[in-house]
Amino acid sequence: MSTITINTKSFSLALKRATKFLSKRNTLPILGTVHLTKVGDVCTIQSNNLDNLFTTQFEATGDDTDICLTNVKGVFQNISKTKVPTFSLETTNDYHAILMIGNQRMIVNTLDSADFPVSFRGEQNQTREYPLTKEDIQEIITSYSHVKCALSDDDARPILTGVHFDGEGMMGAADGFQLALTEYGTKFPKFTCSPSLLENLDWFSGQEAYLDLYGDVTNPGTIACIRNNTMQLWAECPIGDYPNLRQIVPTDRMEKDHEAYYVSKREMVEGLTSLLQAIPNGNMVCKFDKGVLSMHSEEGGDALYSLSGAGENYGAIVYAFNVKFMLKLFKTFVQTDKALIHIFAPATPIYITEDPEQSLISGLALLMPMHLENPDPPKDDKQPYADNNDGQPY
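Rules of the game
- Residues numbered from 1 in each chain as written.
- Predicted model: local features only at pLDDT ≥ 70, side-chain atom pairs only at ≥ 80, totals over all residues.
- Heavy atoms only, no water.
- Pairing = 2+ DSSP bridges.
- Helix = DSSP H or I, 4+ residues; strand = E, 2+ residues; numbered from the N terminus.
- Axes fitted to C-alpha atoms, helices over the stretch in contact; angles between N-to-C directions.
- Contact = heavy atoms within 4.5 Å.
- Phe/Tyr/Trp six-rings, centres within 6.5 Å; stacked < 30°, edge-to-face > 60°.
- Buried < 20%, exposed > 50% of the residue type's maximum accessible area, 1.4 Å probe, protein only.
- Left-handed = near helix turned anticlockwise from the far one by under 90°.
- Nonpolar A, V, L, I, M, F, W, Y, C, P; charged D, E, K, R; others polar.
- Polar contact = N/O pair within 3.5 Å; in protein donor to acceptor, adjacent residues only side chain to side chain.
- Disulfide = S-S within 2.5 Å.
- Core = buried A, V, L, I, M, F, W, Y, C linked by side-chain atoms within 4.5 Å.
- 1 Å grid on protein atoms, 1.4 Å probe; cavity = no way out; pocket = protein on both sides within 12 Å on 5 of 7 lines; lining within 4 Å.
- Points joined across faces, edges and corners; volume = space filled by probe spheres on them.

Engineer: Explain the sheet that holds strand β10 (residues 163-165) to me, please; I cannot follow it from the model alone.
Structural biologist: Whether parallel or antiparallel, the strands of a sheet pair through hydrogen bonds between backbone atoms. Pairing in this open sheet of eight strands is antiparallel, and the strands run β13-β10-β11-β12-β24-β23-β22-β17 from one edge to the other. What marks the edges here is a single partner per strand, and that holds for β13 (191-193) and β17 (259-264). Shown here is a sheet whose adjacent strand axes are inclined to one another by a mean of 25 degrees, direction ignored. Looking at chain direction, β10 and strand β11 (residues 170-174) are connected through two bridges and run antiparallel. When the bridges of β11 are listed, His 164 appears paired with Gly 172. Packed onto the sheet, helix α6 (residues 265-278) meets β17 and β22 (338-343) and runs at close to 80 degrees relative to β17.

Engineer: Even after reading the chapter, I still don't get the packing of aromatic side chains, so can you show me in this structure?
Structural biologist: Any pair of aromatic rings gets described here by the distance separating the centres and the angle formed by the planes. Per the stated rule, a full pass over the model turns up 12 aromatic pairs. Between Tyr 261 and Phe 288, the aromatic rings sit 5.9 Å apart at their centres with planes inclined by 10 degrees, giving stacked as the arrangement. With Tyr 261 in strand β17 and Phe 288 in strand β18 (residues 284-289), this residue pair connects regions lying 27 residues apart in the sequence. One exposure class covers both Tyr 261 and Phe 288, and it is buried. Counting every residue linked through ring pairs, the aromatic cluster contains Phe 21, Phe 54 and Trp 203.

Engineer: Please clarify how the packing of helix α1 (residues 8-18) against helix α2 (residues 72-81) should be interpreted in this entry.
Structural biologist: It is at 10 Å that the axes of α1 and α2 come closest, and there the two elements cross at 145 degrees. Here α1 runs over α2; the crossing is left-handed. The residues of α2 that touch α1, namely those facing Thr 8, Phe 11, Ser 12, Leu 15 and Lys 16, are Val 72, Val 75, Phe 76, Ile 79 and Ser 80. Looking at side-chain class alone, the contact of α1 with α2 contains six nonpolar, three polar and one charged residues.

Engineer: Would you explain the side chain of Thr 110 in this entry?
Structural biologist: Tracing the sequence through the fold places Thr 110 in strand β8 (residues 104-111). By relative accessible area, which is 8% here, Thr 110 ends up buried. Here His 96 takes part through its backbone nitrogen, which lies 3.5 Å from a polar atom of the side chain of Thr 110. In contact with Thr 110, other than residues within four places in its own chain, are Ile 67, Cys 68, Leu 69, Thr 70, Tyr 95, His 96 and Ala 97.

Engineer: What am I meant to see in the state of the cysteines here?
Structural biologist: Working definition: the covalent bond between the sulfur atoms of two cysteines is a disulfide. Going through the model one piece at a time under the given rule, you end up with zero disulfides. In this structure Cys 237 is not part of a disulfide, and its nearest cysteine sulfur, from Cys 193, lies 5.2 Å away.

Engineer: For this particular structure, what's the right way to read the sheet that holds strand β19 (residues 292-297)?
Structural biologist: Sheet architecture is open: four strands sit in the order β20-β19-β18-β21, paired in antiparallel fashion. Since the sheet does not close on itself, it has two edges, and those belong to β20 (301-306) and β21 (319-321), each with one partner. Pairwise comparison of adjacent strand axes, ignoring direction, gives a mean angle of 20 degrees for this sheet. Note that β18 and β21 share three bridges and pair antiparallel. Residue Cys 286 lies in a different strand from β21, and its bridge partner there is Phe 321. Lying over the sheet, helix α7 (residues 323-333) contacts β18, β19 and β21, oriented at roughly 65 degrees with respect to β18.

Engineer: Explain the environment of Asp 337 to me, please; I cannot follow it from the model alone.
Structural biologist: Here Asp 337 is to be found in the loop between α7 and β22. For the pair Asp 337 and Glu 267, spaced 70 residues apart in sequence, the C-alpha separation works out to 9.8 Å. In this view, Asp 337 contacts Val 263, Ser 264, Lys 265, Arg 266 and Gln 358; residues no more than four positions away in its chain are not counted.

Engineer: Please explain the nonpolar core as it appears in this structure.
Structural biologist: For soluble globular proteins, the rule of thumb is that nonpolar side chains tend to be buried together. If you look at the biggest cluster of nonpolar residues, it comprises 107 residues, and the most contacted ones within it are Phe 11, Leu 36, Met 268 and Phe 330. Examining the composition of this core, we find that six residues originate from one element, α7, more than from any other. Sequence-distant contacts of Phe 330, defined by excluding residues within four places in its chain, comprise Val 263, Lys 265, Met 268, Val 269, Ala 339, Ile 341 and Ile 352. Core analysis: the second largest hydrophobic core is formed by six residues, Leu 53, Phe 120, Tyr 214 and Cys 225 among them.

Engineer: Hey, could you run me through empty space enclosed by the protein in this one?
Structural biologist: Space left empty within the atom packing is revealed by a probe, the size of a water molecule, rolled over the atoms. One pass over the full model with this rule turns up one cavity of 30 Å³ or more. Approximately 70 Å³ is the volume attributed to the largest cavity. As for the largest cavity, its lining consists of Leu 132, Ile 140, Phe 165, Phe 188, Phe 191, Cys 193, Leu 197, Leu 198, Leu 201, Leu 211 and Ile 226. If you list the elements that add at least two residues to the lining of the largest cavity, you get β13 and α4 (195-199). Per-class residue counts for the lining of the largest cavity are 11 nonpolar, no polar and no charged.

Structure, rendered in structure tokens:
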């Protein structure tokens with residue numbers, strides 16, 4: 001038996017973070033537990049779902065301990081509600097732990113800690129270590145908040161489920177229909193990062209940290225780890241050939257003749273949302289024509305939404321796109337009050353950039369066009385057509 005005294009706030013924060021990496025695999029119950037060890041004055045909390053390993057440390061007093069706690073979310077709920085500064089945890093010899101939280105007594109089942117995988121993917125060769133200043137971390141957090149809208153969830157192409165660093169200061173994500181990219185100052189080698197690292201990078205903000213890459217010469221980033229003095233987060237990185245972001249978006253693209261005009265983020269989000277509410281089902285394609293958003297669904301009919309200044313402040317090119325993708329880009333990528341829409345031709349990708357006077361990043365989003373079927377012939381030669389090789393208008 002052993003008894004330790006733990007700071008309630010430190011333990012509650014550690015559990016809150018650790019629960020994000022609990023496995024739901026019923027065949028491996030040990031991965032649904034939190035590994036708690038205490039050696040000397042240091043208490044360590046770990047969770048491992050085989051895709052991520054999370055480790056954090058804080059001070060504690062009492063006997064050395066090594067257990068795996070079950071019912072982690074139940075423990076967290078009880079700990080997070082209490083107002084006592086410390087609590088005690090007593091382990092028994094029959095795979096139980098007793099938490100004394102003020103006047104409350106909570107009994108939790110434990111598992112044999114010898115089965116818990118305390119390392120990630122076995123032994124790996126560390127290829128590089130990159131120091132991250134507080135400013136570097138904030139820059140990456142800001143860049144990731146813009147590009148994550150274009151992440152793919154298609155397991156058939158796992159490389160597109162990650163965020164790509166091209167080794168030359170560009171971060172991007174693409175799913176085959178949309179793309180978002182930004183430039184950043186911190187130089188990393190070319191590798192594709194698991195979103196789980198970037199999604200939780202704010203845990204490391206406010207202090208210096210390190211990015212460690214593990215792998216070999218050809219794949220320097222098969223495993224990545226973000227760490228500081230008290231915390232580590234490991235993740236397996238997607239492997240494969242990521243599309244060349246600089247070929248997809250040539251650097252001189254914006255120098256070519258095209259229409260570019262401002263739109264309000266609020267109006268675009270309201271307009272696209274109202275169209276989705278009007279036609280919630282069916283194969284939806286949205287058309288943008290002189291500031292008027294019109295949506296057609298094979299199953300649900302048609303709907304219109306006019307932006308302020310429609311017909312006056314917007315160009316004549318008609319552009320068709322997936323309304324759900326456009327809405328996601330404006331909700332996530334665009335973080336300024338206004339955005340610029342760049343249209344080159346109806347059959348080419350549309351580019352979206354933030355208001356340059358407000359934007360904190362240098363980047364853009366790209367959305368592929370879609371076909372808008374219209375069986376009726378044009379009434380005159382003023383109806384715009386797209387040269388898309390099949391004679392169909394947009």
